[in-house]
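# Coordinates in review
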Amino acid sequence: MLCVDEKSQIQALDRSQPLLPMRPGQVERRTHDYVRHGTTSLFAALDVKTGEVIGQCHRRHRAAEFRKFLDAIEAAVPENLDVHLVVDNYATHKTPVIRRWLAKRPRYHMHFTPTGASWLNQVERWFALLTQKQIRRGVHRSTRALETAIMQYIAIVNEQPRPFVWTKTADDILASVRRFCRRISDSGD
């Protein structure tokens, strides 16, 4: 089972001044302004069992690029395995080009998350880690440098992959939502 999504419009940013590191009693400092050097889109598939990631960067974010990414998944997953893809309801995942590609490969099974519930897709959490650890703190003077940094991060993650583990049951989550709804509806306003 692979959680698949795209992180589009990732900007290659170079800060106008160098980052000032932490010192005792002082937090890391950085300028608020930056120079843009283009964008890239990352297509990623997170194996929920192993934590390994398949990734590809493309300059555009269309069905044609998604189909190329499906080819990369096809090459990476052993032929004897069924492939279950968890994706959101983005139109790119449902175009005729994608449907034709899937029709030729009966081992592929698409599972769509409900609209507005992309947080269910674990690759979203992986994107947050990528942003936090590699993109936000980095200096990327070109789109190529940004793409290289992303692919290096994927390689490092795949050296010792760790799957995400849900720490709460569905009942725990629903009970928390119920408590929250009760609290906001009984606010007295």
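Residues numbered from 1 in each chain as written. Predicted model: local features only at pLDDT ≥ 70, side-chain atom pairs only at ≥ 80, totals over all residues. Heavy atoms only, no water.

Moving on, we come to the pairing of strand β2 (residues 34-47). With eleven bridges joining them, strand β1 (residues 2-15) and β2 adopt antiparallel strand pairing. Within β2, the residue paired with L2 across the bridge is D47. Pairing of β2 with strand β3 (residues 53-58) involves six bridges; the strand directions are antiparallel. Paired with L46 across the two strands is V53, which belongs to β3. Taking the residues between adjacent antiparallel strands as the criterion, β2 and β3 are bridged by five residues, where G51 takes a positive phi near 90°. (Pairing = 2+ DSSP bridges. Helix = DSSP H or I, 4+ residues; strand = E, 2+ residues; numbered from the N terminus.)

Moving on: the packing of aromatic side chains. For the structure shown, the criterion picks out five aromatic pairs. Aromatic side chains W126 and Y153 sit 5.8 Å apart centroid to centroid with 50° between the ring planes, which places their arrangement in the tilted category. Taken together, the residues W126 in helix α3 (residues 123-135) and Y153 in helix α4 (residues 143-159) connect sequence positions 27 residues apart. This pair shows no difference in class: W126 is buried, exactly as Y153 is. Three or more aromatic residues joined by ring pairs make a cluster, and in this case those are F43, F66 and F69. (Phe/Tyr/Trp six-rings, centres within 6.5 Å; stacked < 30°, edge-to-face > 60°. Buried < 20%, exposed > 50% of the residue type's maximum accessible area, 1.4 Å probe, protein only.)

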